[in-house]
Amino acid sequence: MSAFGLGPALLFCPADRPERYAKAAERADAVILDLEDAVAPDTKDAARAALIAGAHGLDPARVIVRVNPIGTADHEADLDAIAETHFRTLMIAKSESADAIADLRPGYNIVALCETARGVVEAERIAAVDRVVALMWGAEDLVASLGGSSSRFPNGQYRDVARAARARVLLAAGAHGKAAIDAVHLDIADVDGLRAEASDAVASGFAATACIHPSQVEIVRDAYRPADEEIAWARRVIDAASGERGVFAFEGRMVDEPVVRHARAVLGRAGA
């Protein structure tokens, strides 16, 4: 389980495709119903109507609704539609202002999607807002906001600016005890690349990775799931630490408080 009560694999689902809601929710740890980029401008009203009609079949605790950016007419229409459902966790697309997020209609938890240059620079202040439960970053809108054309090198690795943004959003979330969600891997066929990124995400401290296709869910889960030997090691460390004061030697390694915290994190991911 992640720091905000969900598992590590979050699956986007276009809100104008209600026939996919149940399957997406079944496949992933949580579903992100998308009213923003996944929905064409001329079908947003239909997507909102579908969201209202399909809401009753989903567990609100496992649903995040991505809404259009604050300050747009679509954003207000999104909130009006969500008010007719039991969904209470919003992902704010292109989050750029801590004050604007703090002033949103009450009663909602917020996942702030920092995916522009301004949003990444503002991430520390956004993470400090009480109602914000998680931060996510996005690569493609970020590079577009800078006037660039690609977030990755031809070999699939992120360019330095994307890596810097990823680290900054992760640090901002961690500094305020909030969960951090890693960006989607757009190349669905690149299974090895997704596996490597998800493994790096969990090792770095991300609580979850967003997915754009059901086939990505198990890859992400496997990356976040500790191996049996890792769980066994973590249990031994915790048991040994209970009888020690301060730094101590264990199985040929120095163990201090950060190592104990690592062990607790492993057990947390294992549900132990």
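Residues numbered from 1 in each chain as written. Predicted model: local features only at pLDDT ≥ 70, side-chain atom pairs only at ≥ 80, totals over all residues. Heavy atoms only, no water.

The chain is annotated in an unreviewed UniProt entry as CoA ester lyase from Microbacterium bovistercoris. Quoted verbatim from the Cofactor (unreviewed entry) field of the UniProt record, the comment on the chain reads "Mg(2+)". (UniProt positions renumbered as here; feature names shortened; annotations may be inferred.)

## Regarding the overall build of the chain
Scanning the chain from terminus to terminus reveals twelve helices and ten strands. Oriented by its inertia axes, the alpha-carbon framework of the chain measures out at about 65 × 40 × 40 Å. Considering the chain as a whole, with its 272 residues, one finds that 48% of them fall into the buried category. By sequence separation, contacts in the chain at least 24 residues apart represent 62% of the contacts at least 6 residues apart. Accessible surface, the chain as shown: approximately 12,900 Å² in total, 52% of it carbon and sulfur. (Helix = DSSP H or I, 4+ residues; strand = E, 2+ residues; numbered from the N terminus. Buried < 20%, exposed > 50% of the residue type's maximum accessible area, 1.4 Å probe, protein only. Contact = heavy atoms within 4.5 Å. Areas by Shrake-Rupley, 256 points an atom, 1.4 Å probe, with all protein chains shown as cover.)

## Side note on the pairing of strand β1 (residues 9–14)
Burial analysis of β1 places six of its six residues in the buried class, which makes it a mostly covered element. In terms of strand pairing, β1 meets strand β8 (residues 208–211) through three bridges, oriented parallel. The residue of β8 that forms the bridge with A9 is T209. Alignment of β1 against strand β2 (residues 30–34), held across five bridges, turns out to be parallel. In the strand pairing of β2, P14 is matched with D34. You can see the chain leave β1, run along helix α1 (residues 21–27) and come back into β2, and the turn it takes is right-handed. (Pairing = 2+ DSSP bridges. Right-handed = clockwise from strand over helix to strand, strands pointing away.)

## Notes on the nonpolar core
Within the largest apolar cluster, 62 residues are counted, with the highest numbers of intra-cluster contacts made by L33, I82, F87, L135 and W137. Per-element accounting of this core gives the leading share, six residues, to helix α8 (residues 160–175). Excluding residues within four positions of it along the chain, L33 makes contact with C13, Y21, L51, L58, V63, I64, V65, R66 and F87. If you look at the next biggest cluster of nonpolar residues, it comprises 17 residues, including M91, L113, M136 and A210. (Core = buried A, V, L, I, M, F, W, Y, C linked by side-chain atoms within 4.5 Å.)

## Points about the packing of helix α9 (residues 191–204) against helix α10 (residues 217–224)
For the pair α9 and α10, interaxial distance at closest approach is 8 Å and the crossing angle is 35 degrees. Considering how the two elements wind past one another, α9 and α10 form a crossing that is right-handed. Two secondary-structure elements touch here, α9 through V191, L194, R195, A198, S199, A201 and V202 and α10 through I219, V220, A223 and Y224. For the contact of α9 with α10, the class distribution of residues is nine nonpolar, one polar and one charged. (Axes fitted to C-alpha atoms, helices over the stretch in contact; angles between N-to-C directions. Left-handed = near helix turned anticlockwise from the far one by under 90°. Nonpolar A, V, L, I, M, F, W, Y, C, P; charged D, E, K, R; others polar.)

## Section: the packing of aromatic side chains
Going through the model one piece at a time under the given rule, you end up with one aromatic pair. R152 extends its terminal NZ or CZ atom over the ring of Y158, reaching a point 3.9 Å from the ring centre. (Phe/Tyr/Trp six-rings, centres within 6.5 Å; stacked < 30°, edge-to-face > 60°. Lys NZ or Arg CZ within 6 Å of the ring centre and 35° of its normal.)

## Some thoughts on the pattern of salt bridges
One pass over the structure, following the stated rule, counts 23 salt bridges. Residues R125 and E122 are paired through a salt bridge, measuring 2.6 Å at the closest nitrogen-oxygen approach. We classify R125 as partly exposed; its relative accessible area is 44%. You can call E122 buried: its relative accessible area is 16%. The residue R166 makes a salt bridge to D200 at a minimum N-O spacing of 2.7 Å. A residue pair is termed long-range when its members are at least 10 positions apart, and R166 in helix α8 and D200 in helix α9 qualify at 34 residues. A single salt-bridge network, built from bridges that share partners, covers D34, E36, R66, K94, E115 and D141. (Salt bridge = Lys/Arg side-chain N within 4 Å of Asp/Glu carboxyl O.)

## Looking at the side chain of R66
Tracing the chain through its elements places R66 in strand β3 (residues 63–67). Judged by relative accessible area, R66 falls into the buried class, the value being 8%. Polar side-chain contacts of R66 include one of 2.6 Å to the side chain of D34. Not counting chain neighbours up to four residues away, the residues in contact with R66 comprise F12, I32, L33, D34, L35, E36, D37, A38, M91, A93 and L113. (Polar contact = N/O pair within 3.5 Å; in protein donor to acceptor, adjacent residues only side chain to side chain.)

## Considering helix α2 (residues 44–54)
Of the positions making up α2, those classed as buried are K44, A47, R48, A50, L51 and G54. Relative to the axis of α2, the buried residues are bounded by an arc of 160 degrees and lie together on one face. Turned more than 90 degrees away from the buried face of α2, the exposed residues are D45 and A53. Contacts made by the buried residues of α2 are with α1, β2, β3 and α3 (73–82). (Arc of directions from axis to C-beta.)

## Notes on the UniProt feature "binding site: Mg(2+)" (unreviewed entry) in the chain
Per the UniProt record, the feature "binding site: Mg(2+)" (unreviewed entry) sits at E115 and D141. Despite a sequence span of 27 residues, these residues sit close together in the fold, their greatest C-alpha distance being 5.6 Å. With respect to the secondary-structure elements, E115 resides in the loop between β5 (109–114) and α5 (117–121). Relative accessible area serves as the criterion here: at 3%, E115 is assigned to the buried category. Aside from chain neighbours lying at most four places away, what touches E115 is E36, A93, K94, G138, D141 and L142.

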